[in-house]
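Residue strings, one per chain:
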Amino acid sequence: MATLFSHPQRRPPLLRQAIKIRRRRVRDQQEPLSQPAQEIRPPSHHLSPKERALLYEEALYTVLHRLGQPEPNHVVEASELLRYLQEAFHMEPEEHQQMLQRVRELEKPIFCLKATVKQAKGILGKDVSGLSDPYCLLGIEQGVGLPGGSPGSRRRQKAVVRHTIPEEQTHRTQVIAQTLNPVWDETFILEFEDITNASFHLDMWDLDTVESVRQKLGELTDLHRLRRIFKEARKDKGQDDFLGNVVLRLQDLHCREDQWYPLEPCTETYPDRGQCHLQFQLIHKRRATMASHSQPSYTVHLHLLQQLVSHEVTQHQAGSTSWDGSLSPQAATILFLHATQKDLSDFHQSMAQWLAYSRLYQSLEFPSSCLLHPITSIEYQWIQGRLKAEQQEELATSFSSLLAYGLSLIRRFRSVFPLSISDSPARLQSLLRVLVQMCKMKAFGELCPDSAPLPHLVTEALRTGTIEWFHLKQQHHQPMVQGILEAGKALLSLVQDIIGDLHQCQRTWNKIFLNALKIDFFPTAFLELQWLVAKRVQDHTAAVGSSVSLEMGESLFQLYVSLKEFCQLGPLPSKREGVLALDGFHRWFQPAIPSWLQKTYSVALARVQRAVQMDQLVPLGELIKHSTSAVDLSTCFAQISHTARQLDWPDPEEAFMITVKFVEDTCRLALVYCSLIKARARQLSEGQKDQGQAANMLCVVVNDMEQLRLVIGKLPTQLAWEALEQQVGVVLEQGQLQNTLHAQLQCALAGLGHEIRTGVRTLAEQLEAGIAKHIQKLVGVRESVPPEDAILPLMKFLEVKLCYMNTNLVQENFSSLLTLLWTHTLTVLVEAAASQRSSSLASSRLKIALQNLEICFHAEGCGLPPEALHTATFQALQKDLELQAATSRELIQKYFCSRIQQQGETTSEELGAVTVKASYRASEQKLRVELLSASSLLPLDSNGSSDPFVQLTLEPRHEFPELAPRETQKHKKDLHPLFDETFEFLVAAEPCRKDGACLLLTVLDHDTLGADDLEGEAFLPLCKVPGLTGSEEHGEVPQTRLPLTYPAPNGDPILQLLESRKGDREAQAFVRLRRQRAKQASQHIPRSGR
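Not measured: the values here are computed from a predicted model.

(A) Spatial organisation of the overall build of the protein chain. Each helix and strand counted, the protein chain has 37 helices and 17 strands in total. Counting over 1090 residues, the protein chain shows a buried share of 48%. Residue pairs in contact within the protein chain that sit at least 24 positions apart in sequence constitute 79% of those at least 6 positions apart. Here the protein chain displays about 53,700 Å² of accessible surface, and carbon together with sulfur accounts for 51% of that area.

Below, the structure written as structure tokens:
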């Protein structure tokens, strides 16, 4: 049949054709590649119908004439491989069957075994020197099978090759002299017809040359070698020694084998004869396909690889999965068989893989990491001289094409590798890694010497791509309706997209380019974009002009804020190399500032009005005691502060004026809120019968104002006054900021404080009447009721009311309320105490009430602090009530306590002094008093002298009722009398140790005709007398000098209180005596200077 698939008659095998191919020659001499392509760009991976038919024939021929055992993980069944090829080439069943029948009719190829004798180790030493001169004979025995299927079961015999294979089909290696580990590395092509009954044979021999006995004896070193000489003497001259053989069935071999085989002996004399390293490859010669005749093997394999990989990628895409670079077992099997049968070198396989993958990568979607393996293989095996000019051009074209394609992807990386797909960063990293490895190859450097450095190319691609991306975005945001407002919105959207892109560059892209190529991409992108943005923003603000509406102002404000964010992404001024186009961009927005400020205030005011109108004046919770409007107001102020921070105007003087306006508007809103919330409370209280509900709302109003005061107080922090003060310090006069901003703030806080105090005062007034009423009831309770029970209604009233107020008021306002109530309560108590001075019972109740009220208002530290409670009024009232509640005897005791205290504080002796010695003997219960003398007495008689004597009494009298007063002798006309008299008082120690117990020494001037005159009084506290201080004291009793004193001229409050108790005789008698002494003292007050 004279068709496209006809071939010439096969030639008979050549006789005695030893095809020796050394490994080193294989590296230098390779099968020529195809003719260079007519175009510079790489050809498409799509084949013409004729090329596809030829390639399909080649693939079918490869499968049908498969040799050797299958590799692990390869497909065994030919039918499965044929079905795969039909799918890969998109063949219809009928067309496939026709093509398959034609290929089966083609002449079979010449089957060959490509055998490489690499080396041997551990062989026998046959020479006298203990070494050998080994060489190998090898060939294929055809038509004889090995019994049992094992080479080891064959009868051992020498000279297998010489005896079984014709000499013309026998091949021989070189002789390696004097070694036990020879290295040949020689390759032979051995033809065979039927693999099922063909076997490979290799004999290893030791070459013997004819030497004289003298030469051999010269090499003799031991008796073992002497025996060898005798043995060789019995051999024929020049007869080689057998070292071992290897016999293998071809059908047991894989397509490729690389193993160490043991050398089999012919006898049992030396069973261990070493090992031989052999490599096998089952190849074809004279394949009958048209592609094998018309194209080089490398080109055919390249096309087949492209076709199968294209099918693999397409299959994965159809299944909605991405191809990971791993070939299916069918594709891997077919490609392996084809490369092996065509005897393609590893280098040509790697080159075909590179060309196929690099072309397919530019049209199909699969991981760029698949390109790394061929890059590494080509780099490892690269020798420039092994390729012809057209082959070098094809490889150089593939390099240039992939580089250009990779740069185009990098230029469009934002759309090619979107971050919305999780593996995009990894795919970009993989592409950069491939480009970096490719540009580092020796082949790339030699074939593309004029290529610019990869970092420079990538940087330029990124710069160009950034500009292109900007114009695409600008076109995308072009408004449908032309107008200045729509143009502003479009520009704002564009700037926001650019900011988002720069953030992505910072977080993701810059790290990738920096790690792969040491390219700092972000500054490049920022500089290009800021020039483009600046031009369009400047044009837009110029088109807006100086008249800015509120709606346009809002748009400009958002644009201004976005530009600030954009500039903050750029380098610091200290690190810039030049001036940026956006430097000073705030000046373009200066006409819009009034509209921004007005819009901010208008929005806040409307929100405050709406919040108050919706407020029901109910606390938000147990812990949050203000209402919803206070929360909304705080949010409004926070928004104003946020707007101020967003504005952050760079010009110091203008920034100060803007801040002044913000503070003024905030303070105005605070006062407006106070008016609105009070009006809302009045509105909700109208027609409200429940007074408690009105009080609740009043509490909420006060709490809302307090919350507002807290928020207003944070303005300096929220508006960053400290930073502003540092910024404007060079343009403002000293103190101008303090006088302006702080004055505004203090004025607002003062107004809020007044409103809060007014509200708290109103709440306090509602409670003050109840407190006064309960205190009046307390005084009028009948005497049979205990004081603790009498004050119970007052305490219950306060507990209920204060708990209510504490629940409904914040702590600051509750403390203010407590302060007002405490002041009022003290006033009421003072008035009640003054009206009940004569009633010790009523005073006792008031005293207990004061004590409980102090505890109540302190509330274990949760109420008023001690310093706020213990005012001067409180201390005076406490002292008065303590006295009024005391009995007459307790008051007398307190009186003497005060006189003892006065005695201790007196140091002046202008009235004179007395000297005594006092001691107490506990064993005798006697108080011994020695009155020694008096001195410097006042002359009370008309003659300028006095007649003094001393009266001794133990006070208070109710403690010592049985002890009568004692008197000394009277001394005539003596101002310094020496009495030297001793008195003893029989008294128990216990009353002497009580507070106020004392020895009263009254010095009198005796008058014969009238009453005695008072010289002065001295008080000796008994608790300090030796013997009464705690233990009996022995030894000399010390003298005590006591200055004389007079009673208080203005009257003692204790005496006044005792005097008011008219029905108490003891009190009245005590008061009369004390009044008498005071009257006597008033008549003889010493002249100043004595």
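(B) Fine view of the sheet that holds strand 13 (residues 966-967). Reading across from one edge, 13-12-15-16 is the order of the four strands in this open sheet, with antiparallel pairing throughout. Edge positions in the sheet fall to strand 13 and strand 16 (1013-1021), since each of these pairs with one other strand and no more. Sheet analysis places strand 12 (residues 948-955) next to strand 15 (residues 998-1005), joined by eight bridges and oriented antiparallel. Across the sheet, residue Phe949 finds its bridge partner in strand 15, namely Leu1004. Across the sheet, helix 34 (residues 888-905) touches strand 12, strand 15 and strand 16, and the angle it forms with strand 16 is around 95°. Strands in contact with helix 37 (residues 1065-1083) are strand 12, strand 15 and strand 16; relative to strand 16, the strand with the most contacts, it is inclined by about 125°.

(C) Highlighting the pairing of strand 14 (residues 978-986). A one-sided burial pattern is seen for strand 14, the buried positions being Phe979, Glu981, Phe983 and Phe985 and the unburied ones Leu978, Asp980, Thr982, Glu984 and Leu986. Two strands pair when backbone bridges link them, and strand 11 (residues 926-935) and strand 14 are joined in this way by seven bridges, in the antiparallel orientation. Residue pairing across strands places Lys926 opposite Leu986, the latter belonging to strand 14.

(D) The arrangement of helix 4 (residues 93-105) in detail. Given a rise of 1.5 Å per residue, 13 residues ought to cover 18 Å, and the 19 Å separating the end C-alpha atoms of helix 4 matches this to within 8%. For helix 4, the set of buried residues is His96, Met99, Leu100 and Val103. Projected down its long axis, helix 4 carries its buried residues within an arc of 100°, all on one side. Residues of helix 4 that are exposed and point over 90 degrees away from its buried face: Glu94 and Glu105. Taken together, the buried residues of helix 4 touch helix 2 (49-64) and helix 3 (78-88).

(E) Quick peek at the pairing of strand 6 (residues 198-206). Within strand 6, nine of the nine residues are buried, which leaves the element mostly enclosed by the surrounding structure. Here strand 6 shows no split at all, with Ala198, Phe200, Leu202, Met204 and Asp206 on one side and Ser199, His201, Asp203 and Trp205 on the other all buried. As judged from the nine bridges shared by strand 3 (residues 134-142) and strand 6, these two strands associate in the antiparallel manner. Bridging across to strand 6, Glu141 finds its partner in Ser199. The sheet contact formed by strand 6 and strand 7 (residues 241-249) spans eight bridges and is antiparallel. The partner of Phe200 across the bridge, within strand 7, is Leu248.

(F) Structural view of the environment of Leu372. Topologically, Leu372 is positioned in helix 12 (residues 372-381). Look at Leu372 and you get buried, because its relative accessible area is 13%. Sequence-wise, Leu372 and Leu435 are 63 residues apart; in three dimensions their C-alpha atoms are separated by 9.5 Å. Leave out the neighbours within four places in its chain, and Leu372 touches Arg433, Val434 and Gln437.

(G) Quick peek at the packing of helix 12 against helix 15 (residues 424-440). Following both chains from N to C, one finds helix 12 and helix 15 inclined at 15°, their axes separated by 10 Å at the closest point. It follows that helix 12 is roughly parallel to helix 15 by the angle criterion. Classified by chirality, the crossing of helix 15 by helix 12 is left-handed. Side by side, helix 12 and helix 15 meet where Leu372, Ile375 and Glu379 of the first sit next to Arg433, Val434, Gln437, Met438 and Lys440 of the second. Split by residue class, the contact of helix 12 with helix 15 holds four nonpolar, one polar and three charged.

(H) Structural detail: the pattern of salt bridges. Considering all chains together, one arrives at 35 salt bridges under this definition. Across the pair Glu755 and Lys678 runs a salt bridge whose closest N-O atoms are separated by 2.7 Å. Here Glu755 is found in helix 27 (residues 736-779), whereas its partner Lys678 is found in helix 23 (residues 652-685), with 77 residues between them in sequence. A relative accessible area of 29% places Lys678 in the partly exposed class. As a salt-bridge pair, Glu984 and Arg928 come within 3.3 Å of each other at their nearest N and O atoms.

(I) Representation of helix 15 in the model. Its 17 residues place the ends of helix 15 24 Å apart at the C-alpha level, agreeing with the 24 Å of an ideal helix rising 1.5 Å per residue. Structurally, helix 15 contributes buried residues whose contacts are with helix 11 (346-361), helix 12, helix 13 (389-411), helix 16 (442-447), helix 17 (454-476) and helix 18 (484-517).

(J) Just unusual backbone geometry, in detail. Between Glu955 and the following residue, Pro956, the backbone shows a cis peptide bond with an omega angle of -5°. With respect to the helices and strands, Pro956 occurs in the loop between strand 12 and strand 13. Unlike most non-glycine residues, Arg286 shows phi in positive territory, near 60°. Here Arg286 is to be found in the loop between strand 9 (275-285) and helix 8 (290-294). Although it is not a glycine, Asp648 adopts a positive phi angle of roughly 40°. Structurally, Asp648 can be placed in the loop between helix 22 (628-647) and helix 23.

(K) Structural detail: the packing of helix 9 (residues 297-318) against helix 11. Closest axis-to-axis distance for the helix 9/helix 11 pair is 9 Å, and the angle between their directions is 45°. Between helix 9 and helix 11, the crossing angle belongs to the class labelled oblique. Here helix 9 and helix 11 pass one another in a crossing that is right-handed. Across the interface between the two elements, Tyr298, His301, Leu302, Leu305, Gln306, Val309 and Ser310 from helix 9 touch His348, Met351, Ala352, Gln353, Leu355, Ala356, Tyr357, Arg359 and Leu360 from helix 11. Split by residue class, the contact of helix 9 with helix 11 holds 10 nonpolar, five polar and one charged.

(L) Local environment of the sheet that holds strand 7. Taking strand neighbours across the sheet as the criterion, the four strands line up as 4-3-6-7 in an open arrangement whose pairing is antiparallel. Two strands bound the open sheet, and with one partner strand each, they are strand 4 (171-172) and strand 7. Inspection of the sheet shows strand 3 paired to strand 4 by two bridges, in the antiparallel sense. By the bridge assignment, Leu137 is partnered in strand 4 with Arg172.

(M) Main features of the confidence of the model for the protein chain. For the protein chain, per-residue confidence averages 84 on the pLDDT scale, and residues scoring 70 or more make up 89% of the total. Segment residues 1-43: pLDDT under 50, and 79 contacts once partners within four positions in sequence are set aside and those in other chains are kept.

Conventions and cut-offs
Residues numbered from 1 in each chain as written. Predicted model: local features only at pLDDT ≥ 70, side-chain atom pairs only at ≥ 80, totals over all residues. Heavy atoms only, no water. Helix = DSSP H or I, 4+ residues; strand = E, 2+ residues; numbered from the N terminus. Buried < 20%, exposed > 50% of the residue type's maximum accessible area, 1.4 Å probe, protein only. Contact = heavy atoms within 4.5 Å. Areas by Shrake-Rupley, 256 points an atom, 1.4 Å probe, with all protein chains shown as cover. Pairing = 2+ DSSP bridges. Axes fitted to C-alpha atoms, helices over the stretch in contact; angles between N-to-C directions. Expected span 1.5 Å × (residues − 1). Arc of directions from axis to C-beta. Parallel < 35°, antiparallel > 145°, perpendicular 65-115°, else oblique. Left-handed = near helix turned anticlockwise from the far one by under 90°. Nonpolar A, V, L, I, M, F, W, Y, C, P; charged D, E, K, R; others polar. Salt bridge = Lys/Arg side-chain N within 4 Å of Asp/Glu carboxyl O. pLDDT = per-residue confidence, 0-100.

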